[in-house]
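# Examination of the molecular architecture
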Amino acid sequence: MEAFHSPLAIFPRGFETTRLYWSTRYTNKRCYYHCQIGEVNVKPEFTVRVVEQGHDDLVLVGGTPKAVWEKVLEPISRLRKDANMLRLFPDYVRSEDMFGLTVSAVRRIIESLPGADSCHNYTFRFGRHLLMELPLAINPSGCARCEPRVPFTLNTTSTSKSFQSTVTGDLNAPYGKQFVHSKSSQYRRLRSEWKNNVYLARSDIQGLGLYAARDIEKHTMVIEYIGTIIRNEVADRREKVYKAQNRGMYMFRVDSGHVIDATLTGGPARYINHSCLPNCVAEVVNFDKERSKIIIISSHKIQKGEELTYDYKFDSDQDRHKIPCLCRAQNCRKWMN
Ligand SMILES: [Zn+2]
């Protein structure tokens, strides 16, 4: 699928659309542009057939939507300039739009096509194929052999989505009571509304991932990392047991002595993948008279359909087994530890 998408659109083979747009021959006329996406040598081929009364059809071909629409937009731009009309700036016309690939209804259908999931650079607007709503399955495919193999290391900092190390945030810090108050009211809302924020789907990074089910503003509580708080010694013991049972482990380090184990009792937040360029942070929030909570909070504005990520902040350790990072961010550190 590599060649069949851009960050803005997916290019399904066999896609056809017709656009009524300015003529390249007459200043005040419009004509039909029949657009098609075909395939040649495992690459998409974009065709625009210009249909104008009184003229033979003109067939334009290009390897990208831009390449083919340039052949239309440039002459229109020249024509309008020569006629002293309002200028057209071809650079600002998005050729994916000209093909109709970004129309909401079209996009929704294209995103649901088989194979759309493997368009790595494309930002989904309506979400990937939804696998399940709120899973608690240890291995969602139902078969441990289908799940990605996870490199194990012991000693309370390890494995794919487990043992995320110490996180940011401390409410004793300089915000005072009012901040605590607003945090706790945000948290109350989160407990009833978090299901509207996320959905689970196959991830490009690894295994399953959690995605934004709606546009999310910066600094919003997205989901709580739920699990059982246990001491390091218990975590070590459990890790051995899980390993012997060939389970995927999901543990999150709260502080130097404690870990949240989400392996058997966790919620979907445990599926959030690591990224070196994350859109969320994991914050330990202490509310009055309550145990610490780990809340995943957006650090940027997040678009619906974006995968949620945060930095696991694993300790770097040369001696232990290195865990490769698959986040594909421009600044990727290549290793998670
Ligand atoms: Zn990375």
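Residues numbered from 1 in each chain as written. Predicted model: local features only at pLDDT ≥ 70, side-chain atom pairs only at ≥ 80, totals over all residues. Heavy atoms only, no water.

## A few points about the environment of Gly257
Relative to the elements of secondary structure, Gly257 occurs in the loop between β9 (251-253) and β10 (258-261). Remark: the alpha-carbon pair of Gly257 and Asn232, spanning 25 residues in sequence, is separated by 5.6 Å. When neighbours within four sequence positions are excluded, Gly257 is seen to be in contact with Ile230, Arg231 and Asn232. (Helix = DSSP H or I, 4+ residues; strand = E, 2+ residues; numbered from the N terminus. Contact = heavy atoms within 4.5 Å.)

## Structural notes on the confidence of the model for the protein chain
Per-residue confidence for the protein chain gives a mean pLDDT of 80; residues scoring 70 or more make up 82%. Throughout residues 131-180 the model reports pLDDT below 50, and contacts reaching past four residues in sequence, or to other chains, amount to 131 contacts. (pLDDT = per-residue confidence, 0-100.)

## Brief notes about the nonpolar core
Counting residues in hydrophobic clusters, the biggest one holds 42 residues, and the most contacted among them are Ile223, Tyr225, Ile272, Ile294, Leu308 and Tyr310. Of all the secondary-structure elements, those providing two or more residues to this core are α4 (176-193), β5 (198-202), β6 (208-212), β7 (221-224), β12 (280-286) and β13 (292-298). Look past the residues within four positions of Ile294 in its chain and what remains in contact with it is Ile223, Glu224, Tyr225, Phe252, Val254, Ile260, Ala282, Glu283 and Val284. Core analysis: the second largest hydrophobic core is formed by 27 residues, Ile10, Val48, Phe99 and Ala116 among them. (Core = buried A, V, L, I, M, F, W, Y, C linked by side-chain atoms within 4.5 Å. Buried < 20%, exposed > 50% of the residue type's maximum accessible area, 1.4 Å probe, protein only.)

## Overview of the sheet that holds strand β2 (residues 30-40)
Spatial strand order, β1-β2-β3-β4: four strands in an open sheet with antiparallel pairing. Strand pairing shows two members of the sheet lacking a second neighbour, β1 (16-22) and β4 (58-62), which therefore form its edges. Between one strand axis and the next, the sheet turns through 25° on average, direction left out of account. With five bridges connecting them, strand β3 (residues 43-51) and β4 associate as antiparallel partners. Opposite Val50, over in β4, you have Leu58 as the bridge partner. Helix α1 (residues 65-82) rests against β1, β2, β3 and β4 of the sheet, and its axis sits at about 125° to β4. (Pairing = 2+ DSSP bridges. Axes fitted to C-alpha atoms, helices over the stretch in contact; angles between N-to-C directions.)

## Quick word on the packing of aromatic side chains
As enumerated under the stated definition, the model contains 12 aromatic pairs in all. Ring geometry for Tyr33 against Trp69: centres 5.3 Å apart, planes inclined by 45°, an arrangement best described as tilted. You can see Tyr33 sitting in strand β2 and its partner Trp69 sitting in helix α1, a full 36 residues away along the chain. The same class applies to Tyr33 as to Trp69, namely buried. Ring centres of Phe89 and Tyr92 lie 6.4 Å apart, and the angle between their planes is 80°; on these two criteria the pair is classed as edge-to-face. An aromatic cluster is built from Tyr225, Phe252, Tyr310 and Tyr312, whose rings are joined through pairwise contacts. A cation sits over an aromatic face here: Lys29 above Tyr26, 4.7 Å from the ring centre. Here Arg30 stacks its cationic end above the ring of Trp22, 4.2 Å away from the centre of that ring. (Phe/Tyr/Trp six-rings, centres within 6.5 Å; stacked < 30°, edge-to-face > 60°. Lys NZ or Arg CZ within 6 Å of the ring centre and 35° of its normal.)

## Brief notes about α1
Taking 1.5 Å per residue, 18 residues should reach 26 Å; α1 reaches 26 Å between its end C-alpha atoms and fits that length. Approximately 30° is the largest bend angle found in α1, and it occurs at Lys71, with the proline Pro75 only one to four residues beyond. All of the buried residues in α1 are Pro65, Val68, Trp69, Val72, Leu73, Pro75, Ile76, Ser77 and Arg80. Where α1 is buried, its residues contact β1, β2, β3, β4 and α2 (95-98). Count one or two residues on from α1 and you reach Asn84, which has phi positive near 55°. (Expected span 1.5 Å × (residues − 1). Bend = angle between axes of the 7 residues up to and from the residue.)

## Details of the pattern of salt bridges
Applying the stated criterion across every chain yields a total of 10 salt bridges. Its salt-bridge partner being Glu39, residue Arg13 comes within 2.7 Å of it at the nearest N-O pair. Remark: Glu39 occurs in strand β2 and Arg13 occurs in the segment before β1; sequence separation between them is 26 residues. Two residues, Glu70 and Lys66, come together in a salt bridge whose shortest N-O distance is 3.6 Å. Here Glu70 and its partner Lys66 are both found in helix α1, four residues apart, which amounts to about one turn of the helix. Judged by its relative accessible area of 34%, Glu70 falls in the partly exposed class. (Salt bridge = Lys/Arg side-chain N within 4 Å of Asp/Glu carboxyl O.)

## Notes on the side chain of Ser23
Mapped onto the secondary structure, Ser23 falls in the loop between β1 and β2. Of the polar contacts made by the side chain of Ser23, one reaches the backbone nitrogen of Arg25; its length is 2.8 Å. The residues contacting Ser23, other than those within four sequence positions of it, are Lys29, Arg30, Cys31, Tyr33, Glu52, Ile76 and Leu79. (Polar contact = N/O pair within 3.5 Å; in protein donor to acceptor, adjacent residues only side chain to side chain.)

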